Amino acid sequence: MRIFCFTGLILLLFAGLNGLAQTDPLLVDPILVRLKGRIVSAADSSGVPYANIVNNRYRGGTITNNDGYFTLDVLNIDSLIVTSVGYEKKVIYIPHIYMGQEVLTFTLSPVSYAVGEVEVKGDRPSLDLGLGTGKPVEIPTELRGDAYNEKPPVIAALFNPISYWQYYLSRREREKRDVREAMALQKNWEMHSQNYNKEMVMMLTGVNEAEADSFMVWFNSQGVLPYTATEYEVRASVKYYYEMYLKEKK
């Protein structure tokens, strides 16, 4: 009877240690794997482009492509910090059993900004019976909406219900909007890269190319530079945060 109880106690102890080894990263043998992942928006499951991904262990990282995909060499005990403009920062953990065979999907939650009530006052314009005041549309003809190029107000459903519901229900209209949004994002990124690039960082900080890469990964992870930043804002931010980067390294 005593032998049986002693054997059962050993089995319970072994099972507990085995379970602890599966959950505690300190008891897991580190294995180098190539993480294949995708960052998507929690709002609509679309890929988050140009999200910054930084490894907590050595502060290096990468960014996602246009569709939110990325690859990064990591250990199976690492954790990663993911940031992107318009989304909440998130820490993701590499599953201990991950061997790099499948693509892991991680979600980012959009940031919601509460805006207070705004009261607008002004003088009523005088009646103009001359030429119209319409503005030229820069959208290519093949990408213009059949009725609306921008989201119509709810009141439009009363005056033009067919066009109103076509904007929301037509697959063709949704595809046009997706293309316009992708073109706008690409244009913003091209304008941003003219003001913020490795050559500019090397000129402002005086570092070599390898150090500039390390600083840019760290700087991008801070999520402080929007695509709409001017050249002056970019230069000021780089100089200011480079000093913080040096202090953090020390």
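Preceding block: the structure.
Computed from a predicted structure; not experimentally measured. (Residues numbered from 1 in each chain as written. Predicted model: local features only at pLDDT ≥ 70, side-chain atom pairs only at ≥ 80, totals over all residues. Heavy atoms only, no water.)

Once that is clear, we can look at the overall build of the protein. Check the secondary structure of the protein and you find seven helices and seven strands. Across the protein, helices and strands are ordered from the amino to the carboxyl terminus as α-β-β-β-β-β-β-β-α-α-α-α-α-α. A buried classification covers 28% of the 250 residues belonging to the protein. Sequence separation of at least 24 residues holds for 55% of the intrachain contacts in the protein that already meet a minimum separation of 6. Surface accessibility of the protein: about 17900 Å² in total, with carbon and sulfur atoms responsible for 57%. (Helix = DSSP H or I, 4+ residues; strand = E, 2+ residues; numbered from the N terminus. Buried < 20%, exposed > 50% of the residue type's maximum accessible area, 1.4 Å probe, protein only. Contact = heavy atoms within 4.5 Å. Areas by Shrake-Rupley, 256 points an atom, 1.4 Å probe, with all protein chains shown as cover.)

Neighbouring strands of a sheet are bound in pairs by backbone hydrogen bonds; such pairs are parallel or else antiparallel. Overall, mixed pairing links the three strands, which are arranged S4-S1-S7 in an open sheet. Edge positions in the open sheet fall to strand S4 (69-75) and strand S7 (104-108), since each of these has one partner strand only. With direction set aside, neighbouring strand axes in the sheet form an average angle of 40°. As paired strands, strand S1 (residues 32-41) and S7 are joined by five bridges and run parallel to one another. When the bridges of S7 are listed, Ile39 appears paired with Phe106. (Pairing = 2+ DSSP bridges. Axes fitted to C-alpha atoms, helices over the stretch in contact; angles between N-to-C directions.)

Contact geometry of helix H5 (residues 198-205) with helix H6 (residues 209-221) gives a least axis separation of 10 Å together with a crossing angle of 105°. Taken together, the axes of H5 and H6 are roughly perpendicular relative to one another. On the side of H5, the interface is formed by Lys198, Val201 and Met202, while H6 contributes Glu209, Ala212, Asp213, Phe215 and Met216. Residues belonging to the contact of H5 with H6 are distributed by class as follows: five nonpolar, no polar and three charged. (Parallel < 35°, antiparallel > 145°, perpendicular 65-115°, else oblique. Nonpolar A, V, L, I, M, F, W, Y, C, P; charged D, E, K, R; others polar.)

Considering the arrangement of structural elements, one finds Ser79 in strand S5 (residues 79-83). Residue Ser79 is classed as buried on the basis of its relative accessible area, which comes to 16%.

Ordered in space as S3-S2-S5-S6, the four strands form an open sheet in which the pairing is antiparallel. With one partner strand each, in any of the chains shown, strand S3 (61-63) and strand S6 (90-93) form the two edges of the open sheet. Adjacent strand axes in the sheet meet at a mean angle of 20°, parallel and antiparallel pairs treated alike. Sheet topology note: the strand S2 (residues 52-55)/S5 ladder contains four bridges and is antiparallel.

On S2, burial covers both faces: Asn52 and Val54 on one face and Ile53 and Asn55 on the other are all buried. Taken together, the three bridges between S2 and S3 define a ladder with antiparallel strand orientation. Across the sheet, residue Ile53 finds its bridge partner in S3, namely Thr62. The antiparallel hairpin formed by S2 and S3 contains five residues in its connecting segment, where Arg59 sits at a positive phi of about 65°.

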